[in-house]
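Topology and contacts: notes
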Amino acid sequence: VTLMVFLFCGWLGLNRRRTVFFSLLIAGFYTLAAGADAPLTRAYFMSVCAVLVYLFHRNIGVFHGIILSCLIILIINPVSLFETSFQMSFLATLGIVMCLSSYEISYKWPRWVQFFAQLFLATFSAQLALLPVFTNVFYKVSWIGLLANMILVPFASFLMALCFLFYYTSLYRKRQEKKKQKKLNKFKS
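Residues numbered from 1 in each chain as written. Predicted model: local features only at pLDDT ≥ 70, side-chain atom pairs only at ≥ 80, totals over all residues. Heavy atoms only, no water.

Here we look at the nonpolar core
If you look at the biggest cluster of nonpolar residues, it comprises 9 residues: M46, I66, C70, I73, L74, F86, F90, L94 and V97. Sorting the residues of this core by element identifies helix 4 (62–76) and helix 5 (84–102) as the ones contributing at least two each. Ignoring sequence-local partners within four residues, the contact set of F86 consists of R42, C70, I73, L74, S80 and L81. One finds F6, L24, V48 and V51 within the second-largest nonpolar core, a separate group that totals 6 residues. (Core = buried A, V, L, I, M, F, W, Y, C linked by side-chain atoms within 4.5 Å. Buried < 20%, exposed > 50% of the residue type's maximum accessible area, 1.4 Å probe, protein only. Helix = DSSP H or I, 4+ residues; strand = E, 2+ residues; numbered from the N terminus. Contact = heavy atoms within 4.5 Å.)

Brief notes about helix 4
Taking 1.5 Å as the rise per residue, helix 4 with 15 residues should run 21 Å; its terminal C-alpha atoms sit 21 Å apart, in good agreement. Those residues of helix 4 lying buried are G65, I66, S69, C70, I73 and L74. On its buried face, helix 4 sits against helix 3 (38–55) and helix 5. (Expected span 1.5 Å × (residues − 1).)

Overview of the layout of surface pockets
By volume, the largest pocket amounts to about 2500 Å³. As for the largest pocket, its lining consists of 46 residues, of which V1, L3, I96, L100 and A122 are closest to the centre. Elements with a minimum of two residues in the lining of the largest pocket: helix 1 (2–12), helix 2 (16–33), helix 3, helix 4, helix 5, helix 6 (111–138) and helix 7 (144–188). No other element matches helix 3, which puts 10 residues into the lining of the largest pocket. Among the residues making up the lining of the largest pocket, the classes are represented as 31 nonpolar, 14 polar and 1 charged. Residue lining of the second largest pocket: 18 residues in total, with V5, F8, I26, F164 and L165 positioned closest to the centre. Secondary-structure elements contributing two or more residues to the lining of the second largest pocket are helix 1, helix 2 and helix 7. With 7 residues, helix 1 is the single largest residue contributor to the lining of the second largest pocket. (1 Å grid on protein atoms, 1.4 Å probe; cavity = no way out; pocket = protein on both sides within 12 Å on 5 of 7 lines; lining within 4 Å. Points joined across faces, edges and corners; volume = space filled by probe spheres on them. Nonpolar A, V, L, I, M, F, W, Y, C, P; charged D, E, K, R; others polar.)

What follows is the structure, encoded as structure tokens:
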């Protein structure tokens, strides 16, 4: 959600501070709307740390923001280090960040090929980083996730954007109805 808002704000030409503000606000709203369970809250906190690093122009990257969020969580609750969901959240995120920052997709490829290549790399790196947890905790590895994510991630992103659009249009429609009602009330009186 944070990256989608960053992309949208980039299209609008908003400055760095406004982009960070809107991305954290909307991602926070999404986290609350989706239930604010531990993995979502942890992911939001990772986003906050990574985006704040971006905001303050520090000579460090997203990787350092994620490590910072990990350290803060461990200082607050050291026992979370032994929770499977904590391990999976950080291993998957670090795997994705390390892979996508180390491997560049050819810019000569068409955009849709670049998108699916990056999606494959992100999914593969997350699966690879989670391999120790999968084998130790679940005693199996599911490689069907690679194929499923190639279909489900774009579809979920499309559905999420569609839901935001429907929500915005419903708010706009309600506002228009209120204006009509006020005009009608003025006319009646």
